[in-house]
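Commentary on secondary and tertiary structure
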Amino acid sequence: MEVMESKTQETTMPEVEVNNQPGGTITKIQPSTQSQEEWLKYGEQISSFLATLPEYLGTFYNKYKQPLVFAAVFVAAVIAVKVVLAVLDALNDIPLVAPSFELIGIGYSTWFVYRYLLKASTRKELTSEIQGLRSQVVGQNTSEA
């Protein structure tokens, strides 16, 4: 049995001849009629696009540097928050871990109140430590504020 495909204006389908014997084989395939010149034209277009791509990306990055950095930091922050929440959720599913963390938090809070908040002298010490940390982070003396 011989099968002939119909031809369109844009492309030509190859003619295929099938042998109806058991384990039939394809005996004839005609090569594509698309010219070598068209492939060269497409190759040149792709080559010119790839040659100008680094320059275009550099210009785009320089023009939109601040929004791109902001978007990257925002995406990284969202991913970091999701990872931390997933780790905390996994830890919360382990028996006795959540109550242990609660006891540790209560113990630390009790120590902090006893150490820094009960007496006026320790409250002044805490205030001076906070001012020192603030000046280290901000980089200026904030004692007048």
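Quick summary incoming for the structure in this document. Given the structure is predicted, the values throughout are model-derived calculations rather than measurements.

**A closer look at the overall build of the protein**
Helix and strand content of the protein: four helices and three strands. The order of helices and strands in the protein, counted from the N terminus, is β-β-β-α-α-α-α. Looking at the protein as a whole, 5% of its 145 residues qualify as buried. Long-range contacts, defined here as pairs at least 24 residues apart, represent 0% of the contacts in the protein between residues at least 6 apart. Within the structure as shown, the protein displays about 12900 Å² of accessible surface, and the carbon and sulfur contribution to it stands at 64%.

**Regarding the packing of aromatic side chains**
Counted according to the given criterion, the structure contains seven aromatic pairs. For the ring pair Trp39 and Tyr42, a centre distance of 6.5 Å and an interplane angle of 85° mean the geometry is edge-to-face. Pair noted here: Trp39 and Tyr42 are both in helix α1 (residues 36-63), with a separation of three residues, about one helical turn. Taken together, the ring pairs connect Tyr108, Trp111, Phe112 and Tyr116 into an aromatic cluster. Geometry around Tyr116 places Arg115 over its ring, the cationic atom sitting 4.6 Å from the centre.

**Observations regarding the packing of α1 against helix α2 (residues 65-92)**
At a closest axis distance of 5 Å, the pairing of α1 and α2 adopts a crossing angle of 80°. With respect to their mutual orientation, α1 and α2 come out roughly perpendicular. Across the interface between the two elements, Phe60, Tyr61, Asn62 and Lys63 from α1 touch Lys65, Leu68 and Val69 from α2. For the contact of α1 with α2, the per-class residue count stands at four nonpolar, one polar and two charged.

**Considerations on α1**
In a regular helix each residue adds 1.5 Å, so 28 residues correspond to 40 Å; α1 covers 40 Å between its end C-alpha atoms and thus fits that length. In the structure, α1 departs most strongly from a straight axis at Leu53, where the bend amounts to approximately 35° and where the proline Pro54 lies between one and four residues downstream. Within α1, only zero of the 28 residues are buried, which leaves it mostly out in the open.

**Quick notes on the pattern of salt bridges**
Enumeration over the complete set of coordinates arrives at one salt bridge. Across the salt bridge formed by Arg115 and Glu125, the nearest N and O atoms sit 2.9 Å from each other. In this pair, Arg115 is assigned in helix α3 (residues 97-117) and Glu125 in helix α4 (residues 120-138), connecting sequence segments ten residues apart.

The rules behind these values
Residues numbered from 1 in each chain as written. Predicted model: local features only at pLDDT ≥ 70, side-chain atom pairs only at ≥ 80, totals over all residues. Heavy atoms only, no water. Helix = DSSP H or I, 4+ residues; strand = E, 2+ residues; numbered from the N terminus. Buried < 20%, exposed > 50% of the residue type's maximum accessible area, 1.4 Å probe, protein only. Contact = heavy atoms within 4.5 Å. Areas by Shrake-Rupley, 256 points an atom, 1.4 Å probe, with all protein chains shown as cover. Phe/Tyr/Trp six-rings, centres within 6.5 Å; stacked < 30°, edge-to-face > 60°. Lys NZ or Arg CZ within 6 Å of the ring centre and 35° of its normal. Axes fitted to C-alpha atoms, helices over the stretch in contact; angles between N-to-C directions. Parallel < 35°, antiparallel > 145°, perpendicular 65-115°, else oblique. Nonpolar A, V, L, I, M, F, W, Y, C, P; charged D, E, K, R; others polar. Expected span 1.5 Å × (residues − 1). Bend = angle between axes of the 7 residues up to and from the residue. Salt bridge = Lys/Arg side-chain N within 4 Å of Asp/Glu carboxyl O.

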